[in-house]
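Letter by letter, the chains look like this.
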Amino acid sequence: MRVGCPKEIKNHEYRVGLTPGSVREYVAHGHSVVIESGAGAGIGADDNAYRAAGAQIVKTAAEVFTQSDMIVKVKEPQPSEWVQLREDQILYTYLHLAPDAAQTKGLVESGVTAVAYETVTDDRGGLPLLAPMSEVAGRLAIQAGATALQKANGGRGILLGGVPGVLPAKVAVIGGGVVGLHSAKMAVGLGADVTIIDRSIPRLRQLDDIFNGRVHTRYSTVEAIEEECFSADMIVGAVLIPGAAAPKLVSREMLSGMKPGAVLVDVAIDQGGCFETSKATTHADPTYEVDGIVHYCVANMPGAVPITSAHALNNATLYYGLQLADKGLKALVDDPHLRNGLNVHKGRITNHAVAEALGYEMAEPKAALAA
Ligand SMILES: NC(=O)c1ccc[n+]([C@@H]2O[C@H](COP(=O)([O-])OP(=O)(O)OC[C@H]3O[C@@H](n4cnc5c(N)ncnc54)[C@H](O)[C@@H]3O)[C@@H](O)[C@H]2O)c1
């Protein structure tokens, strides 16, 4: 198969779908790889590194889209990219379609087979291609939130760990999955007073064991969220209902009860956000204020640390990418976990949550592939 990787064009996105190390693996499997010149610049991998790994370098993204049977990316395709996709092509990347009607329409109209990293599953009920970016975003959320909490940046002016004789800041993490766990690890490491809220009691039990008494855990109810928000200096939004738009757990009304200058970090913004007042921001202008509360809502947080993120992402995507390249659509027929990643196929939506969120008729993936 001919596998292509264009340079990412989303604002301040420096990751790359294929590292030179991944290219070498595809080439070793007998595939040819075409890379847009400069695609790896953000992770310090120049064209020569890709050439040495066996790739062919082309000047433009258009050449990558025209020449490739499978496109491997990081972020969802932008409007200028949708129009270059076609029916006999596989797109393998993050999509986050549920809150994005325009992109969904673009992919449906293109006829492409779109496999979304974020809905591929594993035997343990996890999301193995989302997890590494969630680890990065979860850790980064605390760095970003701590910076936003500084007075000159509009925050309350409180140090997460306090100092001897002064209490630490309070951090509430809503959603104790991968993002929540890694946020809590960083916040605890910096000495903050941390509470994790989740609606899964087994998960709360697990977190209680992991942290061995260093965090408080709390079952998710409107009352619990309200109480934690009113006392917190920083709130991290980290909930997920796989494939679906994030539930709005913090209303605008609640903001008036919070401490002025408190910081909301909405990591779930890529699924529409879990605070009513969230709207996606970029690394160029990451925060804004609503009713005296600082909001940080960057939709591609891992893009800020592309060297860490691109390698962590490639570690996770390589196995399934090779399956797709080796077997084509048969890889989706053979593996139910990879098939769970199929969101769009030949103009039909094949993911239940996306179909429901956007009012499409859902096509059962196996039947859609057989048609
Ligand atoms: N902004 C970014 O750059 C970025 C990067 C990575 C991940 N994310 C997003 O972060 C979010 C979390 O990802 P994750 O990998 O941690 O997911 P996850 O599935 O590991 O964890 C989600 C947790 O949310 C909990 N949850 C669901 N509904 C809840 C509710 N009503 N109250 C409390 N908890 C609830 C679940 O029980 C689960 O433990 C996702 O939306 C993901 O797309 C964003």
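I will try to describe carefully the structure that is included in this document. Just so you know, these numbers come straight off a predicted model, no measurement behind them.

1. Brief notes about the pairing of strand β11 (residues 263-266)
Covered by surrounding structure in β11 are Val 263 and Val 265 together with Leu 264 and Asp 266, the residues of both alternating faces. Pairing of strand β10 (residues 234-237) with β11, which is carried by four bridges, proceeds in the parallel orientation. Within β11, the residue paired with Met 234 across the bridge is Val 263. Of the strand pairs in this sheet, β11 and strand β13 (residues 293-296) are connected by three bridges, and their pairing is parallel. Pairing of Val 265 across the sheet is with Tyr 296, part of β13.

2. Remarks on the sheet that holds strand β1 (residues 2-5)
Spatial strand order, β3-β2-β1-β4-β5-β6-β14-β15: eight strands in an open sheet with mixed pairing. Strand pairing shows two members of the sheet lacking a second neighbour, β3 (56-58) and β15 (348-349), which therefore form its edges. Bridge analysis of β1 against strand β2 (residues 32-36) gives four bridges, and the strand direction is parallel. Bridging across to β2, Gly 4 finds its partner in Val 34.

3. Notes on a nonpolar patch on the surface
There is a patch of nonpolar side chains on the surface, built from Leu 159, Val 163 and Val 166 and spanning about 280 Å² of accessible area. Among the residues examined, Leu 159 registers a relative accessible area of 56% and is labelled exposed.

4. Some words on helix α7 (residues 178-189)
Spanning 12 residues, α7 covers 17 Å between terminal C-alpha atoms, matching the ideal 16 Å at 1.5 Å per step. Within α7, the full set of buried residues consists of Val 179, Gly 180, Leu 181, His 182, Ser 183, Ala 184, Ala 187 and Val 188. Looking at the packing, one finds that the buried side of α7 touches α6 (131-148), β7 (170-174), β8 (193-198), α8 (201-211) and β10. Phi turns positive, to about 95°, at Gly 191, one or two residues after α7.

5. Some thoughts on the layout of surface pockets
Size it by volume and the second largest pocket reaches roughly 280 Å³. Along the walls of the second largest pocket sit 19 residues, with Lys 10, Glu 76, Ile 269, Ala 280 and Ala 299 positioned nearest its centre. A breakdown of the residues in the lining of the second largest pocket according to their chemical character gives five nonpolar, eight polar and six charged. Residues lining the lining of the second largest pocket come from more than one domain, with at least three contributed by each of domain 1 (2-119 + 306-370) and domain 2 (131-299).

6. With respect to unusual backbone geometry
One non-glycine residue with positive phi stands out, namely Asp 291, at about 50°. By the secondary structure assignment, Asp 291 is in the loop between β12 (287-290) and β13. Since its relative accessible area comes to 43%, Asp 291 is described here as partly exposed. Notably, Lys 346 is not glycine yet its phi reads approximately 45°, a positive angle. Mapped onto the secondary structure, Lys 346 falls in the loop between β14 (342-345) and β15. Assessed through its relative accessible area of 43%, Lys 346 is described here as partly exposed.

7. Structural notes on the pattern of salt bridges
All told, the structure shown has 14 salt bridges when counted by the stated rule. Between Asp 233 and Arg 156 there is a salt bridge, with its nearest N and O atoms 2.7 Å apart. Within this pair, whereas Asp 233 is found in the loop between α9 (222-231) and β10, its partner Arg 156 is found in the loop between α6 and β7, the two being separated by 77 residues in sequence. In this structure Arg 156 comes out as partly exposed when scored by relative accessible area, which is 29%. The shortest N-O distance in the salt bridge between Lys 259 and Asp 233 comes to 3.4 Å.

8. Focus: the pairing of strand β5 (residues 90-93)
Taking every second residue as pointing to the same face, both faces of β5 are buried, with Ile 90 and Tyr 92 on one and Leu 91 and Thr 93 on the other. Bridge count for strand β4 (residues 70-72) against β5 is three bridges, and the pairing is parallel. Among the inter-strand pairings, Met 70 is bridged to a residue of β5, identified as Ile 90. In this sheet, strand β6 (residues 113-116) lies alongside β5 in parallel orientation, the contact comprising four bridges. When the sheet's bridge partners are listed, Tyr 92 is paired in β6 with Val 115. Following the backbone out of β5, through helix α5 (residues 101-110) and into the adjacent parallel β6, one traces a crossover that is right-handed.

About the thresholds
- Residues numbered from 1 in each chain as written.
- Predicted model: local features only at pLDDT ≥ 70, side-chain atom pairs only at ≥ 80, totals over all residues.
- Heavy atoms only, no water.
- Buried < 20%, exposed > 50% of the residue type's maximum accessible area, 1.4 Å probe, protein only.
- Helix = DSSP H or I, 4+ residues; strand = E, 2+ residues; numbered from the N terminus.
- Pairing = 2+ DSSP bridges.
- Patch = residues over 30% accessible without salt bridge, like charges linked within 9 Å, V, L, I, M, F, W, Y side chains within 5 Å.
- Areas by Shrake-Rupley, 256 points an atom, 1.4 Å probe, with all protein chains shown as cover.
- Salt bridge = Lys/Arg side-chain N within 4 Å of Asp/Glu carboxyl O.
- Expected span 1.5 Å × (residues − 1).
- Contact = heavy atoms within 4.5 Å.
- 1 Å grid on protein atoms, 1.4 Å probe; cavity = no way out; pocket = protein on both sides within 12 Å on 5 of 7 lines; lining within 4 Å.
- Points joined across faces, edges and corners; volume = space filled by probe spheres on them.
- Nonpolar A, V, L, I, M, F, W, Y, C, P; charged D, E, K, R; others polar.
- Domains from an automatic or database assignment.
- Right-handed = clockwise from strand over helix to strand, strands pointing away.

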